[in-house]
Amino acid sequence: MPKPILISGIQPTGRLHLGNYLGALRNFVELQNSGKYQCLFFVADLHSLTAADFDAAKKQEEILGVARAYLAAGVDPKKSSVFVQSHIAESSELAWVFNTLAPVGELERMTQYKDKSAGRESVNVGLLTYPLLMAADILLYDAAVVPVGEDQLQHLELTRTLARKFNNRFGDTFVEPQPLMTKTPRVMSLTDPSKKMSKSLPEGCLFLDDSPADVKKKIMRAVTDSDSKVTFDPVQKAGVSNLLLIYEALSGKSVASLEKKYAGKGYGQFKADLADLAVVALAPFRELKPKTSNLKAALAAGDRKAKKLASAKMKDAKKKLGLL
Ligand code: TRP
(Lines give C-alpha, C1' and ligand atoms only; values in the text may rest on other atoms or scores of the structure.)
Protein backbone atom coordinates (compact mmCIF):
# COMPACT_ATOMS: atom_id res chain seq x y z
CA MET A 1 0.00 0.00 0.00
CA PRO A 2 1.45 3.39 -0.91
CA LYS A 3 1.44 5.86 1.93
CA PRO A 4 -1.34 8.46 2.00
CA ILE A 5 -0.40 11.78 0.46
CA LEU A 6 -0.11 14.80 2.73
CA ILE A 7 0.09 18.31 1.32
CA SER A 8 0.44 21.81 2.66
CA GLY A 9 1.66 25.18 1.47
CA ILE A 10 3.00 28.43 2.87
CA GLN A 11 2.65 31.78 1.16
CA PRO A 12 5.80 33.76 0.39
CA THR A 13 4.82 37.10 1.87
CA GLY A 14 7.80 38.73 3.52
CA ARG A 15 9.99 37.19 6.20
CA LEU A 16 8.80 34.09 8.05
CA HIS A 17 8.58 34.28 11.82
CA LEU A 18 8.23 32.20 14.97
CA GLY A 19 4.47 31.86 14.43
CA ASN A 20 5.11 30.19 11.06
CA TYR A 21 7.69 27.91 12.65
CA LEU A 22 5.66 26.74 15.65
CA GLY A 23 2.33 26.76 13.80
CA ALA A 24 3.39 25.13 10.55
CA LEU A 25 7.02 24.33 9.69
CA ARG A 26 7.90 22.39 12.80
CA ASN A 27 4.71 20.39 12.54
CA PHE A 28 5.38 19.60 8.86
CA VAL A 29 8.78 18.19 9.76
CA GLU A 30 7.28 16.01 12.50
CA LEU A 31 4.70 14.68 10.07
CA GLN A 32 7.43 13.94 7.54
CA ASN A 33 9.50 12.13 10.15
CA SER A 34 6.54 10.07 11.37
CA GLY A 35 7.04 8.07 8.17
CA LYS A 36 3.28 7.75 7.80
CA TYR A 37 2.86 9.97 4.77
CA GLN A 38 4.17 10.84 1.39
CA CYS A 39 4.62 14.57 1.97
CA LEU A 40 4.35 17.40 -0.51
CA PHE A 41 5.18 20.90 0.69
CA PHE A 42 4.91 23.85 -1.61
CA VAL A 43 5.42 27.58 -1.83
CA ALA A 44 2.01 29.14 -2.48
CA ASP A 45 3.30 31.96 -4.67
CA LEU A 46 0.10 32.36 -6.69
CA HIS A 47 -1.92 32.84 -3.55
CA SER A 48 0.48 35.53 -2.43
CA LEU A 49 -0.37 37.65 -5.48
CA THR A 50 -3.71 38.48 -3.86
CA ALA A 51 -1.99 40.51 -1.10
CA ALA A 52 -2.52 44.24 -1.39
CA ASP A 53 1.16 44.95 -0.64
CA PHE A 54 2.53 42.40 -3.10
CA ASP A 55 5.96 43.45 -4.39
CA ALA A 56 7.20 41.86 -7.63
CA ALA A 57 10.77 43.03 -7.03
CA LYS A 58 10.97 40.95 -3.84
CA LYS A 59 8.89 37.98 -4.92
CA GLN A 60 11.64 35.65 -6.22
CA GLU A 61 13.64 36.12 -3.04
CA GLU A 62 10.53 35.52 -0.92
CA ILE A 63 9.74 32.32 -2.83
CA LEU A 64 13.27 31.01 -2.34
CA GLY A 65 13.10 32.17 1.28
CA VAL A 66 10.15 29.88 2.01
CA ALA A 67 11.82 26.98 0.23
CA ARG A 68 15.00 27.58 2.23
CA ALA A 69 13.00 27.72 5.46
CA TYR A 70 11.42 24.34 4.67
CA LEU A 71 14.85 22.79 4.33
CA ALA A 72 16.35 24.59 7.33
CA ALA A 73 13.42 23.45 9.48
CA GLY A 74 14.21 19.85 8.56
CA VAL A 75 12.14 19.05 5.49
CA ASP A 76 14.34 16.52 3.75
CA PRO A 77 14.08 16.48 -0.05
CA LYS A 78 14.94 12.78 0.04
CA LYS A 79 11.77 12.11 2.01
CA SER A 80 9.42 14.90 0.94
CA SER A 81 8.81 16.92 -2.18
CA VAL A 82 9.21 20.68 -2.10
CA PHE A 83 7.92 22.65 -5.05
CA VAL A 84 6.63 26.00 -6.23
CA GLN A 85 2.91 26.26 -6.89
CA SER A 86 3.15 28.40 -10.02
CA HIS A 87 5.47 25.90 -11.70
CA ILE A 88 2.56 23.50 -11.93
CA ALA A 89 0.20 25.17 -14.39
CA GLU A 90 -2.43 22.50 -13.73
CA SER A 91 -3.39 24.07 -10.41
CA SER A 92 -4.54 27.26 -12.16
CA GLU A 93 -6.23 25.17 -14.80
CA LEU A 94 -8.16 23.10 -12.28
CA ALA A 95 -8.97 26.20 -10.25
CA TRP A 96 -10.79 27.53 -13.31
CA VAL A 97 -12.90 24.39 -13.45
CA PHE A 98 -13.80 24.92 -9.79
CA ASN A 99 -14.75 28.51 -10.65
CA THR A 100 -17.52 27.05 -12.73
CA LEU A 101 -18.72 24.76 -9.93
CA ALA A 102 -18.63 26.96 -6.83
CA PRO A 103 -21.54 29.29 -6.10
CA VAL A 104 -20.48 32.93 -5.59
CA GLY A 105 -22.49 33.06 -2.37
CA GLU A 106 -20.47 30.26 -0.84
CA LEU A 107 -17.21 32.10 -1.51
CA GLU A 108 -18.63 35.34 -0.16
CA ARG A 109 -19.41 33.56 3.09
CA MET A 110 -15.78 32.55 3.71
CA THR A 111 -14.54 34.20 6.90
CA GLN A 112 -11.12 35.00 5.47
CA TYR A 113 -12.69 36.75 2.49
CA LYS A 114 -15.02 38.71 4.74
CA ASP A 115 -12.10 39.78 6.96
CA LYS A 116 -9.87 40.75 4.06
CA SER A 117 -12.53 42.62 2.14
CA ALA A 118 -14.20 44.36 5.09
CA GLY A 119 -14.25 48.11 4.69
CA ARG A 120 -12.34 48.04 1.39
CA GLU A 121 -13.86 49.76 -1.59
CA SER A 122 -12.28 47.48 -4.13
CA VAL A 123 -10.93 43.98 -3.71
CA ASN A 124 -9.41 41.78 -6.37
CA VAL A 125 -11.39 38.74 -7.56
CA GLY A 126 -8.48 36.54 -6.49
CA LEU A 127 -9.31 37.21 -2.85
CA LEU A 128 -12.77 35.79 -3.48
CA THR A 129 -11.65 32.79 -5.53
CA TYR A 130 -8.60 32.08 -3.34
CA PRO A 131 -10.18 28.90 -1.85
CA LEU A 132 -10.75 27.48 -5.34
CA LEU A 133 -7.03 27.63 -6.12
CA MET A 134 -6.39 26.07 -2.74
CA ALA A 135 -8.86 23.29 -3.53
CA ALA A 136 -7.03 22.67 -6.81
CA ASP A 137 -3.68 22.52 -4.96
CA ILE A 138 -5.05 19.78 -2.76
CA LEU A 139 -7.24 17.76 -5.11
CA LEU A 140 -4.72 17.62 -7.96
CA TYR A 141 -2.44 15.46 -5.85
CA ASP A 142 -5.01 13.08 -4.35
CA ALA A 143 -4.02 14.39 -0.93
CA ALA A 144 -5.65 12.40 1.86
CA VAL A 145 -4.57 14.73 4.66
CA VAL A 146 -3.90 18.43 4.89
CA PRO A 147 -2.32 19.93 8.00
CA VAL A 148 -3.83 23.38 8.33
CA GLY A 149 -4.43 25.97 10.98
CA GLU A 150 -7.85 26.87 12.26
CA ASP A 151 -8.06 29.76 9.79
CA GLN A 152 -7.93 27.43 6.79
CA LEU A 153 -10.45 24.84 7.99
CA GLN A 154 -13.34 26.49 6.22
CA HIS A 155 -11.40 26.41 2.96
CA LEU A 156 -10.72 22.74 3.45
CA GLU A 157 -14.40 22.06 4.01
CA LEU A 158 -15.12 23.85 0.73
CA THR A 159 -12.46 21.68 -0.93
CA ARG A 160 -14.28 18.59 0.28
CA THR A 161 -17.58 19.92 -1.03
CA LEU A 162 -16.05 20.60 -4.44
CA ALA A 163 -14.54 17.12 -4.63
CA ARG A 164 -17.94 15.58 -3.87
CA LYS A 165 -19.71 17.84 -6.30
CA PHE A 166 -17.32 17.07 -9.14
CA ASN A 167 -17.36 13.33 -8.39
CA ASN A 168 -21.15 13.19 -8.28
CA ARG A 169 -21.58 15.11 -11.45
CA PHE A 170 -18.76 13.82 -13.63
CA GLY A 171 -17.69 10.53 -12.05
CA ASP A 172 -15.22 9.53 -9.39
CA THR A 173 -12.09 11.65 -9.81
CA PHE A 174 -10.98 13.36 -6.62
CA VAL A 175 -10.12 12.15 -3.12
CA GLU A 176 -11.89 13.97 -0.28
CA PRO A 177 -9.10 15.21 1.98
CA GLN A 178 -9.18 15.23 5.76
CA PRO A 179 -7.87 18.15 7.78
CA LEU A 180 -5.09 17.33 10.19
CA MET A 181 -5.34 19.58 13.20
CA THR A 182 -2.26 19.38 15.35
CA LYS A 183 -2.22 21.31 18.58
CA THR A 184 0.09 24.23 17.94
CA PRO A 185 0.40 27.34 20.06
CA ARG A 186 -1.17 30.55 18.83
CA VAL A 187 1.84 32.81 18.96
CA MET A 188 0.93 36.39 19.82
CA SER A 189 2.85 39.61 19.27
CA LEU A 190 5.49 40.33 21.93
CA THR A 191 4.47 43.99 21.95
CA ASP A 192 0.70 43.52 21.72
CA PRO A 193 -0.40 40.10 22.97
CA SER A 194 -3.98 40.77 21.84
CA LYS A 195 -2.79 40.42 18.23
CA LYS A 196 -1.26 37.46 16.42
CA MET A 197 2.51 37.69 15.87
CA SER A 198 2.95 39.17 12.40
CA LYS A 199 5.41 41.03 10.23
CA SER A 200 3.15 44.08 10.38
CA LEU A 201 4.17 44.46 14.05
CA PRO A 202 7.93 43.99 13.56
CA GLU A 203 9.02 44.93 17.09
CA GLY A 204 6.86 42.15 18.50
CA CYS A 205 7.79 39.63 15.85
CA LEU A 206 10.66 37.13 16.03
CA PHE A 207 11.72 36.62 12.45
CA LEU A 208 13.37 33.30 11.71
CA ASP A 209 16.49 35.05 10.44
CA ASP A 210 16.75 37.66 13.19
CA SER A 211 20.22 38.04 14.69
CA PRO A 212 20.68 36.64 18.20
CA ALA A 213 21.01 40.23 19.46
CA ASP A 214 17.64 41.15 17.95
CA VAL A 215 15.97 38.03 19.33
CA LYS A 216 17.25 38.89 22.81
CA LYS A 217 16.29 42.53 22.54
CA LYS A 218 12.75 41.74 21.40
CA ILE A 219 12.18 39.18 24.15
CA MET A 220 13.64 41.36 26.89
CA ARG A 221 11.34 44.18 25.75
CA ALA A 222 8.24 41.97 25.44
CA VAL A 223 5.31 43.47 27.31
CA THR A 224 4.51 41.88 30.64
CA ASP A 225 2.79 43.53 33.61
CA SER A 226 3.71 44.96 36.96
CA ASP A 227 3.09 42.05 39.32
CA SER A 228 6.33 40.23 38.45
CA LYS A 229 4.81 36.75 38.76
CA VAL A 230 5.52 34.16 36.09
CA THR A 231 2.05 32.62 36.06
CA PHE A 232 -0.31 31.62 33.30
CA ASP A 233 -3.43 33.76 33.00
CA PRO A 234 -4.26 34.62 29.40
CA VAL A 235 -6.85 37.22 30.42
CA GLN A 236 -5.10 39.18 33.17
CA LYS A 237 -1.53 38.42 32.10
CA ALA A 238 -1.69 38.01 28.33
CA GLY A 239 1.95 39.02 27.74
CA VAL A 240 3.49 36.66 30.29
CA SER A 241 1.13 33.87 29.22
CA ASN A 242 2.21 34.24 25.59
CA LEU A 243 5.87 34.00 26.66
CA LEU A 244 5.07 30.91 28.73
CA LEU A 245 3.43 29.23 25.75
CA ILE A 246 6.41 30.04 23.54
CA TYR A 247 8.77 28.74 26.25
CA GLU A 248 6.73 25.53 26.52
CA ALA A 249 6.75 25.03 22.75
CA LEU A 250 10.50 25.60 22.48
CA SER A 251 11.56 23.60 25.52
CA GLY A 252 8.97 20.83 25.74
CA LYS A 253 8.53 21.73 29.44
CA SER A 254 4.94 22.23 30.54
CA VAL A 255 3.64 25.65 31.53
CA ALA A 256 2.94 24.27 35.00
CA SER A 257 6.53 23.16 35.48
CA LEU A 258 7.76 26.54 34.22
CA GLU A 259 5.55 28.36 36.72
CA LYS A 260 7.22 26.30 39.44
CA LYS A 261 10.70 26.86 38.09
CA TYR A 262 10.26 30.65 38.07
CA ALA A 263 8.19 31.00 41.25
CA GLY A 264 9.51 34.04 43.15
CA LYS A 265 12.10 34.83 40.46
CA GLY A 266 10.60 37.77 38.54
CA TYR A 267 10.62 38.38 34.80
CA GLY A 268 14.29 39.11 34.15
CA GLN A 269 15.65 35.58 34.50
CA PHE A 270 12.58 34.10 32.80
CA LYS A 271 12.99 36.31 29.75
CA ALA A 272 16.75 35.81 29.56
CA ASP A 273 16.31 32.02 29.60
CA LEU A 274 13.59 32.20 26.98
CA ALA A 275 15.79 34.41 24.79
CA ASP A 276 18.58 31.81 24.98
CA LEU A 277 16.16 29.07 23.98
CA ALA A 278 14.81 31.10 21.06
CA VAL A 279 18.31 31.91 19.79
CA VAL A 280 19.13 28.19 19.73
CA ALA A 281 15.81 27.19 18.14
CA LEU A 282 16.23 29.73 15.34
CA ALA A 283 19.91 28.97 14.72
CA PRO A 284 19.22 26.65 11.75
CA PHE A 285 17.44 29.46 9.92
CA ARG A 286 20.42 31.76 10.31
CA GLU A 287 23.18 29.23 9.88
CA LEU A 288 21.94 26.38 7.74
CA LYS A 289 21.50 28.39 4.61
CA PRO A 290 21.35 25.61 2.03
CA LYS A 291 23.40 26.43 -1.05
CA THR A 292 21.30 27.95 -3.79
CA SER A 293 22.34 25.14 -6.11
CA ASN A 294 21.11 22.50 -3.62
CA LEU A 295 17.93 24.43 -3.11
CA LYS A 296 17.29 24.67 -6.83
CA ALA A 297 18.00 20.96 -7.26
CA ALA A 298 15.51 20.10 -4.50
CA LEU A 299 12.90 22.36 -6.09
CA ALA A 300 13.48 20.89 -9.53
CA ALA A 301 12.97 17.36 -8.17
CA GLY A 302 9.85 18.54 -6.31
CA ASP A 303 8.48 20.16 -9.45
CA ARG A 304 8.98 16.95 -11.42
CA LYS A 305 7.17 14.86 -8.86
CA ALA A 306 4.29 17.34 -8.51
CA LYS A 307 4.00 17.76 -12.26
CA LYS A 308 3.72 14.02 -12.78
CA LEU A 309 0.85 13.68 -10.32
CA ALA A 310 -0.85 16.88 -11.47
CA SER A 311 -0.75 16.18 -15.18
CA ALA A 312 -2.25 12.70 -14.77
CA LYS A 313 -5.04 14.01 -12.56
CA MET A 314 -5.78 16.97 -14.82
CA LYS A 315 -5.97 14.69 -17.82
CA ASP A 316 -8.47 12.52 -15.99
CA ALA A 317 -10.55 15.57 -14.96
CA LYS A 318 -10.55 16.88 -18.53
CA LYS A 319 -11.69 13.54 -19.87
CA LYS A 320 -14.53 13.50 -17.37
CA LEU A 321 -15.49 17.01 -18.43
CA GLY A 322 -15.53 16.04 -22.08
CA LEU A 323 -12.58 18.27 -22.87
CA LEU A 324 -10.43 15.42 -24.05
N1 TRP B 1 -4.05 29.28 2.09
C2 TRP B 1 -2.97 28.72 2.84
C3 TRP B 1 -2.50 29.72 3.90
O4 TRP B 1 -2.51 30.91 3.66
C5 TRP B 1 -1.82 28.36 1.94
C6 TRP B 1 -2.24 27.30 1.00
C7 TRP B 1 -2.47 27.44 -0.33
C8 TRP B 1 -2.48 25.93 1.34
N9 TRP B 1 -2.85 26.25 -0.87
C10 TRP B 1 -2.86 25.31 0.11
C11 TRP B 1 -2.41 25.20 2.50
C12 TRP B 1 -3.17 23.95 0.09
C13 TRP B 1 -2.72 23.84 2.47
C14 TRP B 1 -3.10 23.22 1.26
O15 TRP B 1 -2.10 29.30 4.96
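In case you missed it, the structure is sitting above this.
A.B. asks: Just checking my understanding: could you explain helix 3 (residues 56–73) for this structure?
C.D. replies: Two residues of an α-helix separated by three or four positions point the same way, owing to the 3.6 residues in each turn. Look at helix 3: 26 Å from first C-alpha to last across 18 residues, which is about the 26 Å you get at 1.5 Å a residue. Taken together, the buried positions of helix 3 are occupied by Lys 59, Glu 62, Ile 63, Leu 64, Val 66, Ala 67, Arg 68, Ala 69, Tyr 70, Leu 71, Ala 72 and Ala 73. The N-cap residue of helix 3 is Asp 55: its side-chain oxygen and the backbone nitrogen of Ala 57 are 3.0 Å apart. With its phi angle positive at about 120 degrees, Gly 74 sits one or two positions after the end of helix 3.

A.B. asks: Teacher, can you tell me more about the pattern of salt bridges here?
C.D. replies: Following the criterion strictly, the structure yields 19 salt bridges and no others. In this structure, Lys 59 engages Glu 62 in a salt bridge whose closest nitrogen and oxygen atoms are separated by 3.2 Å. With Lys 59 and Glu 62 both in helix 3, this residue pair falls 3 residues apart, about one helical turn. In terms of burial, Lys 59 and Glu 62 fall into one category: buried. Across the pair Lys 318 and Glu 93 runs a salt bridge, and its minimum N-O distance is 2.9 Å.

A.B. asks: I tried to follow the site of the ligand on my own but got confused; where do I start?
C.D. replies: Taken together, Ser 8, Gly 9, Gln 11, Phe 42, Ala 44, His 47, Tyr 130, Met 134, Asp 137, Ile 138, Val 146 and Gln 152 make up all the residues around the ligand. The contact in question runs from an oxygen atom of the ligand to an N or O atom on the side chain of Gln 11, over 3.0 Å. Contact between the ligand and Tyr 130: a nitrogen atom at 2.8 Å from a side-chain N or O atom of the residue. Computed on the free molecule, the ligand has an accessible area of 360 Å², of which 88% lies beneath the protein chains in the complex. Secondary structure elements with two or more residues in the shell around the ligand: strand 1 (5–10) and helix 7 (125–139). Top contributing element to the shell around the ligand by residue count: helix 7, with 4 residues. Class assignment of the residues belonging to the shell around the ligand gives a composition of 6 nonpolar, 5 polar and 1 charged.

A.B. asks: Looking at this model, I keep getting lost on the packing of aromatic side chains. Mind explaining?
C.D. replies: Across all of its chains, the model carries 12 aromatic pairs by this definition. Judged by centre distance (5.5 Å) and plane angle (75 degrees), the ring pair of Tyr 21 and Phe 285 falls under edge-to-face. Of this pair, Tyr 21 sits in helix 1 (residues 18–33) while Phe 285 sits in helix 12 (residues 267–287), placing them 264 residues apart in sequence. Overall, the relative accessible area of 8% leaves Phe 285 in the buried class. Aromatic side chains Phe 28 and Phe 41 sit 4.9 Å apart centroid to centroid with 10 degrees between the ring planes, which places their arrangement in the stacked category. With Phe 28 in helix 1 and Phe 41 in strand 2 (residues 38–43), the pair connects residues that are 13 residues apart, well separated along the chain. The class for Phe 41 is buried, based on a relative accessible area of 0%. Each residue in the set Phe 98, Phe 166, Phe 170 and Phe 174 is aromatic and connected to the rest through ring pairs, giving one cluster. The ring of Phe 207 has Arg 15 sitting right over it, with the charged end atom 4.1 Å from the ring centre.

A.B. asks: Explain unusual backbone geometry here, please?
C.D. replies: Negative phi values dominate among residues other than glycine, just as trans dominates among peptide bonds. The phi dihedral of Asp 142 is positive, around 55 degrees, even though this residue is not glycine. Note on placement: Asp 142 falls in the loop between helix 7 and strand 4 (145–147). For Ser 228, which is not glycine, the phi torsion reads 60 degrees and is therefore positive. Mapped onto the fold, Ser 228 is located in the loop between helix 9 (212–220) and helix 10 (238–251).

A.B. asks: Help me understand the side chain of Ser 8, please; the structure alone is not making it clear to me.
C.D. replies: Mapped onto the elements of the fold, Ser 8 is located in strand 1. A distance of 3.0 Å separates a polar side-chain atom of Ser 8 from the backbone oxygen of Pro 147. Excluding anything up to four places from it in sequence, Ser 8 contacts Phe 28, Leu 40, Phe 41, Phe 42, Tyr 70 and Pro 147.

Basis of the calculations
Each chain has its residues counted from 1, running along the sequence as written. Given that this is a predicted model, residues contribute local features only at a pLDDT of at least 70 and side-chain atom pairs are listed and counted only at 80 or more, while totals for whole chains, interfaces and linings are drawn from all residues. Excluding hydrogens and water, the side-chain figures rest on all heavy atoms present in the structure. Where helices and strands are cited, they refer to DSSP runs of H or I of at least four residues and of E of at least two residues respectively, numbered from the N terminus. Expected helix span is taken as 1.5 Å per residue step, with the number of steps being one fewer than the number of residues. Burial status follows relative accessibility: with a 1.4 Å probe on protein chains alone, a residue under 20% of its type maximum counts as buried, one over 50% as exposed, and anything between as partly exposed. Within 3.5 Å is the distance limit for a polar contact, defined as a pair of N or O atoms, with the added protein rule that one can donate a hydrogen and the other accept it, and that residues adjacent in sequence qualify only through two side-chain atoms. Here, a salt bridge means any Lys or Arg side-chain nitrogen found within 4 Å of an Asp or Glu carboxyl oxygen. Whether a residue is near a molecule or strand is decided by its heavy atoms; if any one of them lies within 4 Å of it, the residue is near. Here the Shrake-Rupley method, with its probe set to 1.4 Å, supplies the accessible areas, and only the displayed protein chains count as covering residues. Note that Gly is not counted as nonpolar here; it falls among the polar residues with everything else outside the nonpolar set of Ala, Val, Leu, Ile, Met, Phe, Trp, Tyr, Cys and Pro and the charged set of Asp, Glu, Lys and Arg. Here a Phe, Tyr or Trp ring, Trp counted by its six-membered ring, pairs with any other such ring whose centre lies within 6.5 Å, and the pair is stacked when the planes are under 30 degrees apart, edge-to-face when over 60, and tilted otherwise. Geometrically, a lysine NZ or arginine CZ counts as sitting over a ring once it is within 6 Å of the ring centre and also within 35 degrees of the ring normal. Throughout, a residue-residue contact means that at least one pair of heavy atoms, one from each residue, lies within 4.5 Å.

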